[in-house]
Amino acid sequence: ARGLLKRTHAMQSYVPKPDEIRREWVVMDASDKVLGRLATEVARLLRGKHKPDFTPFLDTGDFVVVVNAEQVRLTGNKLENKKYYRHSGKPGSLKVETAKERIEKYPERVIQAAVWGMLPKNRLGRKLLRKLKVYSGPDHPHQAQQPKNYVF
């Protein structure tokens, strides 16, 4: 009975080779979009989960350009209550700013922080985050890549 259960050919997963991975450039407009809903879609595109050749341990995703970051929306009282923390490691050096302060000063960082929270915290995640380009206004310097407008 042992010989009947022995498998001769195991199933194999398809792993795309580096030259088979095709990366698109996508432009998303953040104006009047809710921050979290925008960030989930950006993270999905960066990771490549929308493609049939998605592989968890490879970068199969697209480049994402987000424009009009200063016009992103936060629901409820998050503008006043949501806080961003930074600490240099030295005693007493904790810096705290609200979402409203950060959007006024660095609107790009609000979207970057939200997307980073949805990516893996490892080498792959850091590589994926480098493919995210965020701009506070409607202009971006990536016209040469012929990006497609992405509507969701």
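Scroll up for the structure.
Summary of the structure given here. (Residues numbered from 1 in each chain as written. Predicted model: local features only at pLDDT ≥ 70, side-chain atom pairs only at ≥ 80, totals over all residues. Heavy atoms only, no water.)

A few points about the side chain of Asp 53
Next up, step 1: You can see Asp 53 is positioned in the loop between α2 (35–47) and β2 (63–67).
Next up, step 2: No salt bridge is formed by the buried Asp 53; its nearest oppositely charged neighbour, Lys 51, is found at 5.7 Å.
Next up, step 3: When residues no more than four places from it in sequence are discounted, the contact partners of Asp 53 are Tyr 14, Pro 16 and Thr 60. (Helix = DSSP H or I, 4+ residues; strand = E, 2+ residues; numbered from the N terminus. Buried < 20%, exposed > 50% of the residue type's maximum accessible area, 1.4 Å probe, protein only. Lys, Arg positive; Asp, Glu negative; His and termini not counted. Salt bridge = Lys/Arg side-chain N within 4 Å of Asp/Glu carboxyl O. Contact = heavy atoms within 4.5 Å.)

Looking at the packing of α2 against helix α5 (residues 107–116)
Next up, step 1: Relative to each other, α2 and α5 sit at 60°, their axes nearing to 8 Å. With respect to each other, α2 and α5 are oriented oblique. Judged by the twist between their axes, the crossing of α2 over α5 is right-handed. Seen from α2, the contacting residues are Leu 35, Leu 38, Ala 39, Val 42, Ala 43 and Leu 46; seen from α5, they are Val 110, Ile 111, Ala 114 and Val 115. (Axes fitted to C-alpha atoms, helices over the stretch in contact; angles between N-to-C directions. Parallel < 35°, antiparallel > 145°, perpendicular 65-115°, else oblique. Left-handed = near helix turned anticlockwise from the far one by under 90°.)

Concerning the pairing of strand β3 (residues 83–87)
Next up, step 1: For β3 and strand β4 (residues 94–98), the ladder comprises 5 bridges, and the chain directions are antiparallel. Across the sheet, the residue bridging to Lys 83 is Thr 98, located in β4. (Pairing = 2+ DSSP bridges.)

Quick word on the nonpolar core
Next up, step 1: In terms of nonpolar packing, the biggest core is built from 27 residues, with Leu 35, Val 42, Val 64, Val 66, Ile 111, Val 115 and Leu 132 touching the most fellow members.
Next up, step 2: Mapped by element, the contributors of at least two residues to this core are β1 (25–29), α2, β2, α4 (99–105), α5, α6 (123–129) and β5 (132–134).
Next up, step 3: Counting residues per element, this core draws most heavily on α2, which supplies 7 residues.
Next up, step 4: In this view, Val 66 contacts Met 28, Ala 30, Leu 38, Val 42, Ile 111, Leu 132, Lys 133, Val 134 and Tyr 135; residues no more than four positions away in its chain are not counted. (Core = buried A, V, L, I, M, F, W, Y, C linked by side-chain atoms within 4.5 Å.)

Some points on a nonpolar patch on the surface
Next up, step 1: A contiguous nonpolar patch, built from Tyr 85, Leu 94 and Val 96 and spanning about 320 Å² of accessible area, is present on the exposed surface.
Next up, step 2: As for its placement among the helices and strands, Leu 94 is situated in strand β4.
Next up, step 3: Residue classification places Leu 94 among the partly exposed residues on the basis of a relative accessible area of 48%. (Patch = residues over 30% accessible without salt bridge, like charges linked within 9 Å, V, L, I, M, F, W, Y side chains within 5 Å. Areas by Shrake-Rupley, 256 points an atom, 1.4 Å probe, with all protein chains shown as cover.)

Side note on a positive patch on the surface
Next up, step 1: Together, Arg 86, Lys 95, Lys 105 and Arg 109 line one region of the surface with positive charge.
Next up, step 2: Residue position: Lys 105 is located in helix α4. (Charge placed at Lys NZ, Arg CZ, Asp CG, Glu CD.)

Quick word on the sheet that holds β1
Next up, step 1: Pairing in this open sheet of 4 strands is parallel, and the strands run β5-β2-β1-β6 from one edge to the other. The open sheet terminates on both sides in strands that have one partner only, identified here as β5 and β6 (148–149).

Comments concerning unusual backbone geometry
Next up, step 1: You will see that Asp 32, though not glycine, has its phi angle at about 60°, which is positive.
Next up, step 2: Inspection of the secondary structure assignment puts Asp 32 in the loop between β1 and α2.
Next up, step 3: Residue classification places Asp 32 among the exposed positions, given a relative accessible area of 56%.
Next up, step 4: One non-glycine residue with positive phi stands out, namely Gln 146, at about 50°.
Next up, step 5: Within the secondary structure, Gln 146 is located in the loop between β5 and β6.
Next up, step 6: Gln 146 sits in the exposed class, given a relative accessible area of 64%.

Structural notes on the packing of aromatic side chains
Next up, step 1: In the structure shown here, the tally under the stated rule is 2 aromatic pairs.
Next up, step 2: Between Trp 25 and Phe 63, the ring centres sit 4.4 Å apart and the planes meet at 0°, which makes this aromatic pair stacked. Of this pair, Trp 25 sits in strand β1 while Phe 63 sits in strand β2, and the two are 38 residues apart along the sequence.
Next up, step 3: We note Arg 109 situated over the ring of Tyr 106; from NZ or CZ to the ring centre the distance is 3.7 Å. (Phe/Tyr/Trp six-rings, centres within 6.5 Å; stacked < 30°, edge-to-face > 60°. Lys NZ or Arg CZ within 6 Å of the ring centre and 35° of its normal.)

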